[in-house]
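# Residue-level structural notes
Given next are the chains, with one letter for each unit.
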Amino acid sequence: MASAIAMAACGSVYAQDQGVYVGVKGGSFQVDIENASDPTGGGFLLGYNFGKGPAIEFERNSSGSISFSGGQNIYYGSAEIETTALYFAYRSEGTVFFKVRAGLLKEDVTVNSSYSGNDFGESDTGLSVGGGVGVNMGNIAQLEAEYTIIEQDVSLLSVGFNLRF
């Protein structure tokens, strides 16, 4: 009887209650372009948990400077990536949980190239998916590690901290 009461009391600690949460994250953008560095970056998210797993998240991330060089004409320069996304996410229940997400992402890339002597930028919108693992730290905090595919040759490996309200 005592163990059943203890399990019932702990269940609410590990259940993901309905409500708003905010988070910060940092990590490494993985850029699969020849002679380009993998910059660190960071961002924030604002989410709403519908209870027992499903959630919706608004997320914004910015990379640090990506340096690149090489080629026949010996070009070099730098670039930065900014992403804005709206995801549908699902977290399993438990102290340790799994997370999957998919959504619409807008990516803005700004390039400063010494070869062309110009700054230029491009935007792209498309689908983004990701997954990860996390730890519930009581009723209000979560620590998450995630891998998100931003586009064909850019992904983000990040660690985040969320607070629920």
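Check the entry above for the structure.
Fair warning: this is a prediction, and the values are worked out from it, not measured in the lab. The residue numbers shown here count from 1 along each chain, following its written sequence. Predicted model: local features are reported for residues with pLDDT of at least 70 only, side-chain atom pairs are reported and counted for 80 or more only, and whole-chain, interface and lining totals are derived from all residues. Note: side-chain values were computed over all heavy atoms of the structure, leaving out hydrogens and water.

## A short note on unusual backbone geometry
This is how it is decided: Helix and strand assignments come from DSSP, with helices taken as H or I runs of at least 4 residues and strands as E runs of at least 2, each series counted from the N terminus.
For Lys52, which is not glycine, the phi torsion reads 55° and is therefore positive. When you line up the elements, Lys52 lands in the loop between β2 (40-49) and β3 (54-63).

## Section: the nonpolar core
Selection rule: Grouping buried Ala, Val, Leu, Ile, Met, Phe, Trp, Tyr and Cys residues that are joined through side-chain atoms within 4.5 Å yields what is termed a nonpolar core. Here's how the labels work: a residue is buried when its accessible area is under 20% of the maximum for its type, exposed when over 50%, partly exposed in between, all with a 1.4 Å probe on protein chains only. Contacts between residues were defined by any pair of non-hydrogen atoms, one from each residue, lying within 4.5 Å.
Phe29, Ile66, Ala79, Ile81, Leu105, Ile150 and Val154 are the most contacted members of the largest nonpolar core, which has 13 residues in total. Going through the elements one at a time, β1 (19-31), β4 (66-70), β5 (75-91), β6 (96-113) and β9 (154-164) are the ones with two or more residues in this core. For Val154, the residues in contact, after removing those within four places along its chain, are Phe29, Gln30, Ile81, Glu107 and Ile149.

## Examining the environment of Ala55
For Ala55, the location among the structural elements is in strand β3. Look at Ala55 and you get buried, because its relative accessible area is 0%. Note: C-alpha distance between Ala55 and Arg101 (46 residues apart in sequence) is 9.1 Å. With residues up to four places along the chain from it excluded, the contact list for Ala55 reads Tyr21, Tyr48, Asn49, Phe50, Tyr87, Phe88, Ala89 and Arg91.

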